[in-house]
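So you can see what is in the structure, the chains are spelled out below.
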Amino acid sequence: MNLIQWRSETLSLAKKIIFHDPTKNYFYKGDPKKKALIPPHKSLFCVKNKGLPIGNLTSQFFANVYLNELDHFVIDTLGIERYIRYVDDFVIVHEDKNRLTSVTKSIDIFLKEILGLRIHPKKIYLQEIYKGIDFLGYFIKPSHILVRQRVVRRFKNRLYQNIDEEGFLLVSNIPMIQSYLGHFGHANTFNLKKKLAR
């Protein structure tokens, strides 16, 4: 296969993936009752032609490719040194509050005009670093990292729902527990694990 054919086939495949309607021809492996608990604004069944299917690895890949332009804009054009992004969540650290306000406005304009996106108006937080940063399921402080309380509550609920009448954990839920413990492993969770073990 020559380069032209490879490029053509790759673009054709990418187009099929990007423009595929995930609300059609899909397999739902979860509990149908839990599907009804998804908030309407988070469901692709309620919000047409917006968003990406979260479970697809291609969604993460294409989000990173598309938002690469944002990274270059923030770092190269705006000159921000302390910037981190994971898919569509990002954090900027700067000592000047006015500079942060100005940068936020510039990013919002760039996203609207160049990428056809917008920053969620209720998800912009400007605060002192010592108060911590709520990011990717963690609460990050200058001296330590904690697991977000909402994540801990969700884990406890799922854990307690999957204990049988005799107090034994159902074997089918071991992967779920390992997943959460893997998440906890990136934070200071010695006391949390001790408490959960009881």
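Residues numbered from 1 in each chain as written. Predicted model: local features only at pLDDT ≥ 70, side-chain atom pairs only at ≥ 80, totals over all residues. Heavy atoms only, no water.

Caption draft 1: View of the overall build of the protein chain. If you tally the helices and strands in the protein chain, you get eight helices and five strands. Ordered by position from the N terminus, the helices and strands of the protein chain form the series α-α-α-α-β-β-α-β-β-β-α-α-α. Across the 198 residues in the protein chain, those meeting the buried criterion constitute 22%. Sequence-distant contacts in the protein chain: of pairs separated by 6 or more residues, those separated by 24 or more amount to 38%. A total accessible area of about 15,800 Å² is found for the protein chain, and carbon and sulfur atoms account for 57% of it. (Helix = DSSP H or I, 4+ residues; strand = E, 2+ residues; numbered from the N terminus. Buried < 20%, exposed > 50% of the residue type's maximum accessible area, 1.4 Å probe, protein only. Contact = heavy atoms within 4.5 Å. Areas by Shrake-Rupley, 256 points an atom, 1.4 Å probe, with all protein chains shown as cover.)

Caption draft 2: Layout of helix 5 (residues 97-115). For helix 5, which comprises 19 residues, the first-to-last C-alpha distance of 26 Å matches the rise-based estimate of 27 Å (1.5 Å per residue) to within 8%. In the core, the buried residues of helix 5 are packed alongside helix 3 (57-66), helix 4 (68-77) and strand 2 (89-92). Of the residues flanking the start of helix 5, the one acting as N-cap is aspartate 96, its side-chain oxygen 2.9 Å from the backbone nitrogen of asparagine 98. (Expected span 1.5 Å × (residues − 1). Polar contact = N/O pair within 3.5 Å; in protein donor to acceptor, adjacent residues only side chain to side chain.)

Caption draft 3: View of a nonpolar patch on the surface. Nonpolar side chains collect at one region of the surface, where Leu13, Ile17, Ile18 and Phe19 lie side by side and expose about 420 Å² of accessible area between them. Among the secondary structure elements, leucine 13 is positioned in helix 1 (residues 3-19). (Patch = residues over 30% accessible without salt bridge, like charges linked within 9 Å, V, L, I, M, F, W, Y side chains within 5 Å. Salt bridge = Lys/Arg side-chain N within 4 Å of Asp/Glu carboxyl O.)

Caption draft 4: Structural detail: the packing of helix 4 against helix 5. In the contact formed by helix 4 and helix 5, the axes pass within 11 Å of each other and the chain directions differ by 145°. As helix 4 runs across helix 5, the sense of the crossing is right-handed. Counted together, Glu69, Leu70, Phe73 and Val74 of helix 4 and Ser106, Ile107, Phe110, Leu111 and Leu115 of helix 5 form the full contact between these two elements. Of the residues assigned to the contact of helix 4 with helix 5, the class counts are seven nonpolar, one polar and one charged. (Axes fitted to C-alpha atoms, helices over the stretch in contact; angles between N-to-C directions. Left-handed = near helix turned anticlockwise from the far one by under 90°. Nonpolar A, V, L, I, M, F, W, Y, C, P; charged D, E, K, R; others polar.)

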